[in-house]
Every structure is written in C-alpha cells, then in structure tokens.
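# Structural overview
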Amino acid sequence: MSARIPSRRLGQSALASFRPSTARLTPFTAARHLSNTASHCKESDYSNPLLQKYFEKKEAEGEPGAAKRPSLGGGKLLDEKKTIFDPIDEVPGAYKGMEEKDPAGYIELLKAETERGRLAAKEREKTHTYLKTDPDPRGRIEWERKKVLQGLKRKGRLTKEVALARTERESLYRSPFLSTSTKKLTRVMHQLAGKTVEEALIQLRFSKKKVALDVMKGLQVARDEAIVGRGMGLGQADAKEVWERARDEGKTVEEIETDPYLADGTRKRRAVQQPKLIELKDGRKKLVADPTEMYIAQAWVGPGEYGKSIECRAQGRMNLLRHRTASFSVLLKEEKTRMRISDEIKKKRDNRKLWQPLPDRPVTTQRQFCLW
C-alpha cells in the first residue's frame, strides 16, 4: 500500500535536497571573519629605539649648554600701575626739574593737562552717544535754519500759540481701554469737564457709576504725571519757606502743613494770594485763590477695540457677542489760563463800541402808493 502524502510536501522535500546546509557553513565563515578582524585591529609599532636611546644618553650626561624650555614669569611692569616713561615727559611744556624751579608754572601745566583730558573724555563720550542724542544732524541743522528764518520774517515776534506755550502749562493724558461703552463713559466725563482736579476726584468718589472707579484712578495718574512731568500745581507762594522750616526742624512737609487731607489724597488748598473773581466762558463766576491749581480744561471719550465671546444656545447653536471698550482723555491746565481768558473777555467787552440807532434821514421822494 502507498502512503497518502500531499504533493506540495513532496515538492518541498525534493527542493531541500538541492539547497546547501547553512548549519555546516556558518562556523567556518565566522571563524574566517574573526581572524581577519584581529589582523586589522593589531596596533603598529612606530617607535624608534635608536632615537630613544639618544635622548636617554643626553639626559644622563646633563650638558650645561642644552636648550631648556622657557618658562613664563611675571615682571614688575605688570604689577606696578605706572608707565616706563618719566611723568614729567607726559605733561606738554614741562621740563625735568620744573616742579622745583617753577612750582606755580608746573601746577598750571598740570591743571591745563587735566582739563585737556577731561575735554577729550567728554568728546569721546559725545562721539559714542551721538546716535541717540543727535541721530539726524543734517535734519536738525535744517530745522534750526528754518526756525531762524521764521523768526527773521516776523522780526523776532512770537505767535500767540508759541507765547502761550512758553508762559502756560498743560498736560494731556489718555487712559487705556476700559470695558464700557462710549455712551456710559460720556455721561461721567460730562460731569468732570470744567471742574478742578480736587473737585472731580470728590465727584467720582461718590458716584454710583461702575466706571467711575476706573476714571478716578486714571485721573489720579494724570494729576501725578502733570506734577512730575510738567511741574504743574507747585506754585504755592510759601512752598520754599515751608520746606526750609521742615528741614531745620527735622520734620516732614506734611507735619508742617496744616491743610486737611481727605482719604483719596485731595486737600483744600490755601489761598496763596488774594482770591480773584474771574468769569468763565459760560458766564459763571469763580473765585481763584491759587493760579497754579489744576483743572480739567477738556475731556472727551473715544471708542476702542471690540472684544468677542461666544454665547451657547440650544441645538448646537451659538451667538457671537461683541463687548465694547472705550477710553477717555483729559487735558489739564492751570487756573492761570482761565484768569487770562477772563481778562480777555472783559477787555473785549470794554472795547466794544456803543450801539447807536440809525440816524434820521429826510424823505426825498413821495408817491401816492406804497412800494411794497
């Protein structure tokens, strides 16, 4: 009987008889590879026995004329902070022994040399910093020439704007964007326009509006910037005397002054001169005791950027919400400006010509009917 063997197994066994066996060839191949690697990795000997023996002989003999490796050593010039030249040679015009023969002249030469060094250092500093202090020299020269020509054309007379800018002070402050609308912020700023800074802070302190707190903080920053940057609000007549008295007595200015301070830093100013009654543009009257007291000359509001957020709704829908922002700006001036404006209003009223009715004219022609 014949065995039942699948035909594919018979084919595989027949092909396997013709293939070489890897188990027999692997040991011989690996051994040959290892022998080649060992022969290549063997280090070569590059030593010279004759040269090595010569060096050993020279070291044993110790010849005195043999060259030695130089060693680094510190000298006196590296330790002492002075030059190798005589100090008298560094002063132009001086000679040896001059400090004994002519000490006054030697001192003058030393002073001149010191001044020359100071000017040279100043010139070097100017050269190093000219990029920031004077980045465009040609443009600056052209601008100066233009202003000189304008002054010559007007024969040295200043315009009204320039004259006011030299005699009166002002400070402009713009707040960052606040999370409110221009309509709400405008209502608050309308209450501050025309008031002094102290009165405006009190108005904001007791306001019920939510944005009033942010406006009060911004107004305080504007007041501080005007005092520090523009020197406004410092015109008390006895300010120097109060400071000298506080210095002599070892106290602070706050301890010397008796003005009542409020919680937000505002205080009632003392009258540094006889109060003057002025007239405002709207016809109201006002007493001014300190010409340097700051007031809000102008106040306006501007829109800002919109913030966006998502409002989730039913059935996967959503609404895009836009949040408004606004900023306010205030222009601070001193009461000196309102005093000048009041004088101009009064002068204009006084110079106004008296109104006269039309003179009577004779009737030259008569008609029996009306002309109209």
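Look a little higher up for the structure.
Each residue is numbered by its place in its chain's sequence as written, counting from 1. The predicted origin of the model limits local features to residues at a pLDDT of at least 70 and limits the giving and counting of side-chain atom pairs to 80 or more, whereas totals for whole chains, interfaces and linings rest on all residues. With hydrogens and water set aside, each side-chain value is computed from the structure's full complement of heavy atoms.

## Quick word on the overall build of the protein
Note the cut-off: Put simply, DSSP H or I for four residues or longer makes a helix, DSSP E for two residues or longer makes a strand, and each gets a number counted from the N terminus. Using a 1.4 Å probe on the protein chains alone, a residue whose accessible area is under 20% of its type maximum counts as buried, one over 50% counts as exposed, and one in between counts as partly exposed. Two residues form a contact once any of their heavy atoms are found within 4.5 Å. The Shrake-Rupley method, run with a 1.4 Å probe sphere, supplies the accessible areas, and residue values consider only the shown protein chains as cover.
When helices and strands are tallied, the protein shows 14 helices and seven strands. Expressed as a percentage of its 372 residues, the buried residues of the protein come to 20%. Once local pairs closer than 6 in sequence are excluded, the contacts in the protein between residues at least 24 apart make up 63%. Element-wise, carbon and sulfur atoms account for 55% of the exposed surface of the protein, whose accessible area totals about 31700 Å².

## Details of a positive patch on the surface
Spelled out, the test is: Nonpolar side chains (Val, Leu, Ile, Met, Phe, Trp, Tyr) are joined into patches within 5 Å and like charges within 9 Å, using only residues with over 30% relative accessible area and no salt bridge. Salt bridges are defined as contacts in which a side-chain nitrogen from Lys or Arg sits within 4 Å of a carboxyl oxygen from Asp or Glu. Asp and Glu count as negative and Lys and Arg as positive, but His and the ends of the chain are not part of the count. For the purpose of locating charges, the reference atoms are NZ of Lys, CZ of Arg, CG of Asp and CD of Glu.
Together, K183, K184, R187, K209, K210, K308, R322 and R324 make up a positively charged patch on the protein surface. Of the residues forming the positive patch, the biggest block, three residues, is contributed by helix α9 (residues 182-192). Examined against the element boundaries, K183 turns out to sit in helix α9.

## Overview of the pattern of salt bridges
Under the definition given, this model contains 13 salt bridges. R118 is paired through a salt bridge with E115; the nearest N and O atoms lie 2.3 Å apart. With a gap of three residues between them, R118 and E115 both fall in helix α6 (residues 103-133), about one helical turn apart. For R118, a relative accessible area of 43% corresponds to the partly exposed category. Note that R349 and E279 form a salt bridge whose closest N and O atoms lie 3.0 Å from each other. Separated by 70 residues along the polypeptide, R349 in helix α14 (residues 335-350) and E279 in strand β2 (residues 276-279) bring together distant segments of the chain. Taking the relative accessible area as the measure of exposure, R349 reaches 38% and is therefore partly exposed. In this structure E279 comes out as buried when scored by relative accessible area, which is 16%. Within the structure, one salt-bridge network assembled from shared partners comprises D134, R140 and E144.

## Re the sheet that holds strand β7 (residues 326-334)
To keep things clear, this is the line we draw: Any two strands are treated as partners once DSSP identifies two or more bridges connecting them. With axes taken as lines fitted to C-alpha atoms, and helix axes fitted only over the stretch in contact, angles between N-to-C directions fall between 0 and 180 degrees.
Taken in spatial order, the three strands of this open sheet run β1-β7-β4, and their pairing is antiparallel. Since the sheet does not close on itself, it has two edges, and those belong to β1 (170-174) and β4 (294-303), each with one partner. Averaged over all adjacent pairs, the angle separating strand axes in this sheet is 15 degrees, with direction ignored. Across nine bridges, the pairing between β4 and β7 is antiparallel. In the sheet register, W300 faces β7, and the bridge partner there is S329. Of the strands in this sheet, β4 and β7 are in contact with α9, which crosses β4 at around 170 degrees.

## Considering helix α7 (residues 137-153)
Under the convention used in this document: Take the residue count of a helix, subtract one, and multiply by 1.5 Å to get its expected span.
Across its 17 residues, α7 extends 24 Å between first and last C-alpha, which sits within 8% of the 24 Å expected from 1.5 Å per residue. Downstream of α7 by one or two residues, K155 has phi in the positive range, about 60 degrees.

## Remarks on unusual backbone geometry
Residues other than glycine seldom take positive phi values, yet Q315 does so here, at roughly 60 degrees. Among the structural elements, Q315 can be located in the loop between β5 (307-312) and β6 (318-323). Residue classification places Q315 among the exposed residues on the basis of a relative accessible area of 72%.

## Things to note about the packing of α9 against helix α10 (residues 197-205)
Inclusion rule: By definition in this entry, angles of less than 35 degrees are roughly parallel, angles greater than 145 are roughly antiparallel, angles of 65 to 115 are roughly perpendicular, and the rest are oblique. In this scheme, a crossing is called left-handed if the near helix is turned counterclockwise away from the far one by less than a right angle; it is called right-handed if the turn is clockwise. All amino acids are sorted into three groups, where Ala, Val, Leu, Ile, Met, Phe, Trp, Tyr, Cys and Pro are nonpolar, Asp, Glu, Lys and Arg are charged, and the leftover types, Gly among them, are polar.
Axis separation between α9 and α10 bottoms out at 9 Å; the angle between their running directions is 140 degrees. Judged by the angle between their axes, α9 and α10 are oblique. Crossing geometry of α9 relative to α10 is assigned as right-handed. On α10, the residues that touch V188, Q191 and L192 of α9 are A200, Q203 and L204. A class-by-class count of the residues in the contact of α9 with α10 yields four nonpolar, two polar and no charged.

## Considerations on the nonpolar core
As a rule of thumb, nonpolar side chains are buried together in soluble globular proteins. As a reminder of what qualifies: Here, nonpolar core refers to any group of buried Ala, Val, Leu, Ile, Met, Phe, Trp, Tyr and Cys residues whose side-chain atoms link them within 4.5 Å.
Core analysis: the largest hydrophobic core is formed by 24 residues, its most contacted members being L204, V215, L219, F328, V330 and L332. Put simply, the parts of the chain that give this core at least two residues each are α9, α10, α11 (212-230), β4 and β7. Ranked by the residues each element gives to this core, the list is headed by α11, at six residues.

## A few points about the pairing of β6
For β6, a buried count of zero out of six residues is recorded, marking the element as mostly open to its surroundings. Inspection of the sheet shows β5 paired to β6 by six bridges, in the antiparallel sense. Bridged to G307 within β6 is H323. Hairpin connection, β5 to β6: the antiparallel pair is bridged by five residues, and Q315 has positive phi, about 60 degrees.

## Focus on the side chain of T196
By the secondary structure assignment, T196 is in the loop between α9 and α10. Not counting chain neighbours up to four residues away, the residues in contact with T196 comprise K286, E293, M294, Y295, E335 and R338.

## A closer look at α10
Count 3.6 residues to each turn of an α-helix, and residues three or four apart come out pointing the same way. Our working definition: As used here, the arc is the angular range of directions from the helix axis to the C-beta atoms.
Within α10, the full set of buried residues consists of V197, E198, A200, L201 and L204. Along α10, the residues classed as buried sweep out an arc of 165 degrees about the axis, all on the same side. Tucked into the core, α10 has its buried residues touching α9, α11, β4 and β7.

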